[in-house]
Amino acid sequence: MPADAAADPLDPTAQGRLHWAPLRHAGHRERMGVIAEWIRRKEPRLLVSDVSVEAAALARLMGVPVVVAAMRGDRQDPAHRLGYDLAEALLAPWPDSLPEPGWPAHWLAKTLHTGGISRYDGRPRPVSRPLGAPSGKEVVVMLGAGGTDIDAQRLGEAAAATPDWTWTVLGSPQGPWIEDPWPVLCRARVVVTHAGQNAIAECAAARVPTLVIPQERPHGEQHATGRALRASGLATVRDAWPQPQAWPHLLEETAARANRWAQWSPGDGARRAAGLLARLSARTSRPDTCAPR
């Protein structure tokens, strides 16, 4: 929902058909107007929509082909069905060996499963191990800004229960934000993180053993990713933060897990997505099968 959302918006979902299109909302009207004017001036050959069904629908109504970035979870609500149905193609940042269950056949037929896409794809690991835990038994907890139920008390209890491990926390009120966590991820024996697509892609790019604890998100997105990771054996997955006494065995189990992250993230996801976009952009219009009415 936009940051300038009114306290009491009027019919923001268009009677359940959209996600955010409130009536008589100046901010929403301004955003849609900016997009429409840009389309009118630039005449794009293709538009990629991340999460906005409304932007995708607007572009398609103006005659611009649309590619939609797909997400896991239950996307069978009317708004998501509209966005996915009208798209020329869907970009799914997970492997085709782990499809999202329950998708209709016509979605799957136009989906490119890129595998994970990370800013670190193809980046060499540090030649020498960066300074971390003297024993090499370091846990890196990588959180984010999307909301978490992991607090300082739980982190402290887990660390106290595992005195032979060093704990480093990134991206939360309890830990620093750093511009480039790559060296920290690469030196970790185990990473503990949520099930957001970017976090999973970065752990996969680093090829580091990972414990995934999905957080609550709309449409069950992170729990759906967690189920896929658990089914494939690519990561250790727990649906809730473990009790303190469970951590010693859990860290050792995760550290010993065979490294199969290449199944999730071969490293060429961005190139594959770019190739699809280039092909769709270059495609000439199909002949009309009916006249305008």
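These notes cover the structure that comes with them. All values reported here derive from a predicted model rather than from experimental measurement.

Note that H28 resides in helix 1 (residues 26-42). Given the relative accessible area of 12%, H28 is considered buried. Setting aside its immediate chain neighbours within four residues, H28 contacts W20, A21 and P22.

Here we take up the pairing of strand 5 (residues 138-142). Most of strand 5 sits inside the fold, with 5 of its 5 residues counted as buried. A two-sided burial pattern is seen for strand 5, the buried positions comprising E138, V140 and M142 on one face and V139 and V141 on the other. As defined by bridge partners, strand 5 adjoins strand 6 (residues 166-170) across 5 bridges and the pair is classed as parallel. Opposite M142, over in strand 6, you have L170 as the bridge partner. Inspection of the sheet shows strand 5 paired to strand 7 (residues 190-193) by 4 bridges, in the parallel sense. Bridge pairing in strand 7 links V140 to V191.

Another aspect to go through is the packing of helix 2 (residues 53-61) against helix 3 (residues 78-86). The N-to-C vectors of helix 2 and helix 3 enclose an angle of 40°; their axes lie 9 Å apart at closest approach. Considering the angle they form, helix 2 stands oblique to helix 3. Handedness of the helix 2/helix 3 crossing: left-handed. For the pair formed by helix 2 and helix 3, the contact residues are V53, A56, A57 and R60 on the first element and A79, H80, L82, G83 and L86 on the second.

Spatial ordering of the open sheet is given by 1-2-3-4, a layout of 4 strands whose pairing is parallel. Pairing within the sheet leaves two strands with one partner each, and these edge strands are strand 1 (47-49) and strand 4 (111-113). Across the sheet, the axes of successive neighbouring strands diverge by a mean angle of 25°, strand direction being ignored. Packed on one face of the sheet, helix 10 (residues 269-282) meets strand 1, strand 2 (66-69), strand 3 (89-92) and strand 4 and runs near 170° to strand 3.

Judged by nonpolar contacts, the single largest core of 30 residues is most densely connected at Y84, L90, L229, W261 and W264. At the level of elements, helix 2, strand 2, helix 3, strand 3, helix 7 (197-206) and helix 8 (221-232) are the ones that each hand at least two residues to this core. Counting residues per element, this core draws most heavily on helix 2, which supplies 3 residues. Setting aside residues up to four positions removed in sequence, L229 forms contacts with I200, V212, L234, A235, V237, W261 and W264. Ranked by size, the runner-up nonpolar core spans 17 residues in total, among them A158, V190, V192 and I213.

What follows is about the packing of aromatic side chains. Summed over all chains, the structure comprises 7 aromatic pairs. Between W94 and W103, the ring centres sit 6.0 Å apart and the planes meet at 70°, which makes this aromatic pair edge-to-face. For the pair W94 and W103, a shared accessibility class is recorded, and that class is buried. Measuring from ring centre to ring centre gives 4.8 Å for Y120 and W182, while their planes differ by 40°; the resulting arrangement is tilted. A residue pair is termed long-range when its members are at least 10 positions apart, and Y120 in the loop between strand 4 and strand 5 and W182 in helix 6 (residues 182-187) qualify at 62 residues. Judged on exposure class, the residue Y120 and its partner W182 are both buried.

Of the two faces of strand 2, the one carrying V66 and V68 and the one carrying V67 and A69 are both buried. In terms of strand pairing, strand 1 meets strand 2 through 3 bridges, oriented parallel. What sits directly across from V48, in strand 2, is V67. Between the parallel elements strand 1 and strand 2, the chain passes through helix 2 in a crossover that is right-handed. Across 3 bridges, the pairing between strand 2 and strand 3 is parallel.

Let's shift gears to helix 8. Here helix 8 contains 12 residues, and its C-alpha end-to-end distance of 17 Å stays within 8% of the 16 Å for a straight helix at 1.5 Å per residue. Counting buried residues along helix 8, 9 of its 12 residues qualify, which places the element largely inside the surrounding structure. Within helix 8 the residues assigned to the buried category are E221, Q222, H223, A224, T225, G226, A228, L229 and S232. Those residues of helix 8 hidden inside the fold are in contact with helix 7, strand 8 (210-212) and strand 9 (236-237). Phi turns positive one or two residues past the end of helix 8, at G233, with a value near 70°.

Our next topic: a negative patch on the surface. A contiguous patch of negative charge, built from D149, D151, E157 and E216, is present on the exposed surface. Relative to the assigned elements, E157 resides in helix 5 (residues 152-160).

The rules we used
- Residues numbered from 1 in each chain as written.
- Predicted model: local features only at pLDDT ≥ 70, side-chain atom pairs only at ≥ 80, totals over all residues.
- Heavy atoms only, no water.
- Helix = DSSP H or I, 4+ residues; strand = E, 2+ residues; numbered from the N terminus.
- Buried < 20%, exposed > 50% of the residue type's maximum accessible area, 1.4 Å probe, protein only.
- Contact = heavy atoms within 4.5 Å.
- Pairing = 2+ DSSP bridges.
- Axes fitted to C-alpha atoms, helices over the stretch in contact; angles between N-to-C directions.
- Parallel < 35°, antiparallel > 145°, perpendicular 65-115°, else oblique.
- Left-handed = near helix turned anticlockwise from the far one by under 90°.
- Core = buried A, V, L, I, M, F, W, Y, C linked by side-chain atoms within 4.5 Å.
- Phe/Tyr/Trp six-rings, centres within 6.5 Å; stacked < 30°, edge-to-face > 60°.
- Right-handed = clockwise from strand over helix to strand, strands pointing away.
- Expected span 1.5 Å × (residues − 1).
- Patch = residues over 30% accessible without salt bridge, like charges linked within 9 Å, V, L, I, M, F, W, Y side chains within 5 Å.
- Areas by Shrake-Rupley, 256 points an atom, 1.4 Å probe, with all protein chains shown as cover.
- Salt bridge = Lys/Arg side-chain N within 4 Å of Asp/Glu carboxyl O.
- Lys, Arg positive; Asp, Glu negative; His and termini not counted.
- Charge placed at Lys NZ, Arg CZ, Asp CG, Glu CD.

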